[in-house]
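Close look at the chain arrangement
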Amino acid sequence: MFNSGHIEPRWKINEFKTLQYKYDTHKDTALLKEYESVGHNMESMTLYNYFQPNPFPAVVHDYIIPQFAHLDHIGVAINYFKPGQYLPVHVDLFGKYSEVHGLEDEEITRIIIMLEDSAPGQISQVCDQTIGVWSAGDWFQWDSDDAHAFYNFSTKDRYAIQLTGTKRQKGLDFNA
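Everything numeric here is computed off the predicted structure, so don't read it as measured data.

**Considering the sheet that holds strand β1 (residues 3-6)**
Pairing within the open sheet is antiparallel, and its seven strands lie in the order β1-β9-β6-β11-β4-β3-β2. In the strand order of this sheet, the two ends are held by β1 and β2 (22-24), each with one partner. Between one strand axis and the next, the sheet turns by 30° as a mean value, whatever way the strands run. The sheet contact formed by β2 and strand β3 (residues 47-51) spans three bridges and is antiparallel. By the bridge assignment, Tyr-23 is partnered in β3 with Tyr-48.

**Section: helix α2 (residues 29-37)**
Of the positions making up α2, those classed as buried are Leu-31, Leu-32 and Tyr-35. Across the axial projection of α2, the buried residues extend over an arc of 100°, all falling on one side. What points out from α2, more than 90 degrees from its buried face, is the exposed set Ala-30, Lys-33, Glu-34 and Ser-37. Next to the buried residues of α2 lie β5 (86-90).

**Description of the pairing of strand β10 (residues 148-152)**
Strand residues, when the strand is regular, have side chains that alternate between the two faces of the sheet. Along β10, five of the five residues are buried, which leaves the element largely enclosed by surrounding structure. Here β10 shows a buried face lined by His-148, Phe-150 and Asn-152 and a second buried face lined by Ala-149 and Tyr-151. Judged from the three bridges that link them, β5 and β10 form a sheet pairing that is antiparallel. Of the residues in β10, the one forming a bridge with Tyr-86 is Tyr-151. The pairing of strand β7 (residues 122-126) with β10 spans five bridges and is classified as antiparallel. Residue pairing across strands places Ile-123 opposite Tyr-151, the latter belonging to β10.

**Some points on the confidence of the model for the protein chain**
In low-pLDDT regions, the fine details of the predicted coordinates are not to be read closely. Summing up the model confidence of the protein chain, the mean pLDDT is 92 and the portion of residues at 70 or higher is 96%. The secondary structure element of the protein chain with the lowest average pLDDT is helix α4 (residues 95-101), at 79, and the one with the highest is helix α3 (residues 58-64), at 98. Confidence over residues 172-176 falls short of pLDDT 50; this stretch has zero contacts with residues more than four positions distant or in other chains.

**A word on the nonpolar core**
Phe-16, Ile-113 and Ile-161 are the most contacted members of the largest nonpolar core, which has 27 residues in total. Counting residues per element, the ones that place at least two in this core are α1 (13-17), β3, α3, β4 (71-81), β6 (108-114) and β11 (158-167). Here this core takes five residues from β4, the largest share from any one element. Ignoring any residue separated from it by four or fewer positions in sequence, one finds Ile-113 in contact with Ile-7, Trp-11, Ile-64, Phe-68, Gly-137, Asp-138, Trp-139, Ala-160, Ile-161 and Leu-163. Leu-87, Ile-112, Phe-150 and Ala-160 belong to the second largest nonpolar core, which has twelve residues in total.

**Let's talk about the sheet that holds β7**
Judged by pairing direction, the sheet is antiparallel, and its four strands sit side by side in the order β5-β10-β7-β8 without closing on themselves. If you trace the sheet from one side to the other, it starts and ends with β5 and β8 (129-131), each paired once. Strand-to-strand, the axes of this sheet are offset by a mean angle of 15°, without reference to chain direction.

**Description of the environment of Pro-88**
Mapped onto the elements of the fold, Pro-88 is located in strand β5. Taking relative accessible area as the criterion, Pro-88 reaches 3% and is therefore assigned buried. Once the C-alpha coordinates of Pro-88 and Glu-34 are considered, the two residues, 54 residues apart in sequence, prove to be 11 Å apart. Each residue touching Pro-88, except ones within four places of it in the same chain, is listed here: Tyr-35, Met-45, His-148, Ala-149 and Tyr-151.

**Some remarks on the environment of Ala-58**
Among the secondary structure elements, Ala-58 is positioned in helix α3. In sequence terms Ala-58 and Asn-3 are 55 residues apart; their C-alpha atoms lie 26 Å from each other.

Calculation notes
- Residues numbered from 1 in each chain as written.
- Predicted model: local features only at pLDDT ≥ 70, side-chain atom pairs only at ≥ 80, totals over all residues.
- Heavy atoms only, no water.
- Pairing = 2+ DSSP bridges.
- Helix = DSSP H or I, 4+ residues; strand = E, 2+ residues; numbered from the N terminus.
- Axes fitted to C-alpha atoms, helices over the stretch in contact; angles between N-to-C directions.
- Buried < 20%, exposed > 50% of the residue type's maximum accessible area, 1.4 Å probe, protein only.
- Arc of directions from axis to C-beta.
- Contact = heavy atoms within 4.5 Å.
- pLDDT = per-residue confidence, 0-100.
- Core = buried A, V, L, I, M, F, W, Y, C linked by side-chain atoms within 4.5 Å.

The following block contains the structure:
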């Protein structure tokens, strides 16, 4: 299920540009090998990320996470794509996230919050939506089994906050 919205960007992008990112790729190696077998370059199907328990700029916990009060068990990461990097159409696995939070059957959702305005050639695809233009603070949400992709075919770096959570269960009203 695709959803989107906007929060006011109250962050300083330089706080995110100076983090110690780790070079990474998607954990579904069979999927990546399938893409490679038809001509994709394995070195391009990569990104840089920054995960908990690393410390985050204060704005993440003080401002951004509270904007998404409909989520429980929130995990945070920052994704950074250099020009030429992309993750082709895939579904997230959530193995480590589920392990850390002790989850089994909960409905997991993911939200990407764009930290800067898009540059021509930066593209996100979520479910049946292709997004090529966004403003800092725009966010996109999908469920755990929804296919999505990210492409940076621009000349500029792309930074986004990744929130992973479970949908908060509405309280039962026993007085009804």
